[in-house]
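Residue-level structure breakdown
If you want the building blocks of each chain, they are given just below.
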2 protein chains.
Amino acid sequence: MNDVKPSQEPDGPTGTLAFRLGTVGTLVTARFAAAVEDLGVKPKHVGLLSVIGSGAPASQQDVARTMGVVPSLVVTLADQLEELGAIERVRDPDDRRRHRLGLTPEGHTLLAECTARARALDEELTAGLSTAERDTLSRAMGVLAREAGLP
Amino acid sequence: MNDVKPSQEPDGPTGTLAFRLGTVGTLVTARFAAAVEDLGVKPKHVGLLSVIGSGAPASQQDVARTMGVVPSLVVTLADQLEELGAIERVRDPDDRRRHRLGLTPEGHTLLAECTARARALDEELTAGLSTAERDTLSRAMGVLAREAGLP
DNA sequence: GATGAATCGTTCATAGCTCGAATGATTCGG
DNA sequence: CCGAATCATTCGAGCTATGAACGATTCATC
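The rules behind each value
Residues numbered from 1 in each chain as written. Chains lettered and ligands numbered in written order. Predicted model: local features only at pLDDT ≥ 70, side-chain atom pairs only at ≥ 80, totals over all residues. Heavy atoms only, no water. Helix = DSSP H or I, 4+ residues; strand = E, 2+ residues; numbered from the N terminus. Contact = heavy atoms within 4.5 Å. Areas by Shrake-Rupley, 256 points an atom, 1.4 Å probe, with all protein chains shown as cover. Axes fitted to C-alpha atoms, helices over the stretch in contact; angles between N-to-C directions. Left-handed = near helix turned anticlockwise from the far one by under 90°. Nonpolar A, V, L, I, M, F, W, Y, C, P; charged D, E, K, R; others polar. Buried area = accessible area lost by both parts, 1.4 Å probe. Salt bridge = Lys/Arg side-chain N within 4 Å of Asp/Glu carboxyl O. Least-squares fit on C-alpha atoms with pLDDT ≥ 70 in both. UniProt positions renumbered as here; feature names shortened; annotations may be inferred. Near = heavy atom within 4 Å. Polar contact = N/O pair within 3.5 Å; in protein donor to acceptor, adjacent residues only side chain to side chain.

Chain A is annotated in an unreviewed UniProt entry as MarR family transcriptional regulator from Streptomyces albiflavescens.

Comments concerning the overall build of chain A
Counting its regular elements, chain A contains six helices and three strands. Overall, chain A shows an N-to-C arrangement of helices and strands of α-α-β-α-α-β-β-α-α. In terms of overall dimensions, chain A has a C-alpha envelope of 70 × 30 × 25 Å along the principal axes. Residue pairs in contact within chain A that sit at least 24 positions apart in sequence constitute 50% of those at least 6 positions apart. Summing over all exposed atoms, chain A offers an accessible surface of approximately 8,300 Å²; the carbon and sulfur share of this is 52%.

Some thoughts on the packing of helix α2 (residues 43-53) of chain B against helix α5 (residues 105-125) of chain B
Residue and element names in this part refer to chain B. As a packed pair, α2 and α5 sit with axes 10 Å apart at the nearest point and diverge in direction by 115 degrees. Helix-helix and strand crossings are classified by hand; for α2 and α5 the assignment is left-handed. Contacts between α2 and α5 involve Val46, Leu49, Ser50 and Gly53 on the former and, on the latter, Leu110, Leu111 and Cys114. Across the contact of α2 with α5, the residue classes tally to five nonpolar, two polar and no charged.

Here's the deal with the interface of chain A and chain B
Contacts between the two partners involve 51 residues from chain A, matched on the other side by 51 residues from chain B. Buried surface at the junction of chain A and chain B, summed over both partners, amounts to about 4,500 Å²; 71% is from carbon and sulfur atoms. Counting the surface chain A buries against chain B, the share from its top three residues, A:Pro13, A:Leu17 and A:Met141, is 12%. For A:Glu133, the salt bridge is made with B:Arg139, and the minimal N-O distance between the two is 2.6 Å. For the side of chain A that touches chain B, the leading source of residues is helix α1 (residues 17-36) of chain A, giving 14 residues. Residue composition of the side of chain A that touches chain B, grouped by class: 25 nonpolar, 15 polar and eleven charged.

Some points on the pattern of salt bridges
Under the criterion given, the structure shown has 20 salt bridges over all chains. In this structure, A:Arg89 and A:Asp79 form a salt bridge, with 2.1 Å as the shortest nitrogen-oxygen distance. Here A:Arg89 is found in strand β2 (residues 87-91), whereas its partner A:Asp79 is found in helix α4 (residues 71-83), with ten residues between them in sequence. Residue B:Glu113 is joined to B:Arg117 by a salt bridge in which the shortest nitrogen-to-oxygen separation is 2.8 Å. Of this pair, B:Glu113 and B:Arg117 are both found in helix α5, four residues apart, which corresponds to roughly one turn of the helix. Linked through salt bridges whose partners overlap, the residues forming this network are A:Asp38, A:Glu113 and A:Arg117.

Details of the relation of the copies chain A and chain B
Mapping chain A onto chain B is achieved by rotating through 180 degrees and translating by 0.0 Å along the same axis, at an RMSD of 0.0 Å. Here the symmetry operator amounts to a two-fold rotation axis. When C-alpha positions in chain A are compared against the rotation axis, the closest is assigned to A:Gly25, at 2.4 Å. Interface residue correspondence from chain A to chain B reaches 100%, placing this contact among same-surface, isologous pairings.

As for the UniProt feature "domain: HTH marR-type" (unreviewed entry) in chain A
As annotated by UniProt and renumbered to match this structure, "domain: HTH marR-type" (unreviewed entry) occupies residues 14-146 of chain A. This span, residues 14-146 of chain A, is 67% helix and 9% strand, and a straight line between its end C-alpha atoms measures 23 Å.

Examining the protein's contact with DNA strand C
Within the structure, DNA strand C sits among 18 residues, and A:Lys42, A:Lys44, B:Gln60, B:Gln61 and B:Arg89 are positioned closest to it. Expressed as a percentage, the sugar and phosphate content of the atoms of DNA strand C within 4 Å of the protein is 78%. Contact distances for DNA strand C include 2.7 Å between a phosphate oxygen and a side-chain N or O atom of B:Arg89. Between a base oxygen of DNA strand C and a side-chain N or O atom of B:Arg97, the distance comes to 2.9 Å. When residues of the surface near DNA strand C are traced back to their parent elements, those giving at least two are α4 of chain A together with α3 (60-67) and α4 (71-83) of chain B. Here the residues of the surface near DNA strand C sort into four nonpolar, six polar and eight charged.

Next comes the structure, spelled out in structure tokens:
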């Protein structure tokens, strides 16, 4: 009768979802960063690639909004990815203020490799979970993302 | 037969658990930071309070290890919390190199308030989830935390 | 007991990341 | 045609967290 809530967890903020999400997120991001370091990119770069990769070529403003960062940061990230030969900037003929960002063939390859490594990391992380739990977790993260103000 | 995997998710890294954990973590942390801002503390302070609050009084080195940060950062955080009157440093009589960190009565109150707000945030975030899903999520986060290298 | 090595807390300088304001080019609305 | 708005870019600044030095204290070995 005493294990209705089997929580052996500490009862401080450290035990709450909000807090744990932060610490685990930081840790996992660090691990992902280490996993793609040799490719010359960091998580933010991968995020940019991913945004560009899925969907129509977008302006840097759009990308910034989607990523939840400031446009000036997109400039820096895009500069570095362009230098890697992963993306290219094309002046939008319809509105020549805009730069439409697109993946180069090398960019597609890079994105695919990053995706593969992210998936591998997922496998490691969820090794201790059942398939049903993974699905629930995956779905819950989607809900949380929207709840936290993501597109 | 085509919805064996009902994933409408994008297939880039953005859709992976590892990546989403990072972005959601950052977002949630920002929201928690805003929630406790008027108390004069930031998430890292709350983490420190939480570590001190649960368990025997620990040295700053121990706290640093538990939090996964460098000892010099604990100095800064402890300074600010001490100035708030939330914690106190006591020279360990058994080993006078050490400072044992302890919560003051005000510190207990502050920690309790932070805990309450973290729980309230949890409620908001998981509003769209069933009770069973919340439990699974909670458990899964514990597994991930250990898997990612947390105590 | 003495003495060199190790540990604890602290200070300081520094690196990394991100933001915000200012600028120039371009487009839109009246 | 002209002022307001939008886009990309540059530049400077802020904040966090780190790592290397340093004094105080303890430990281990002789």
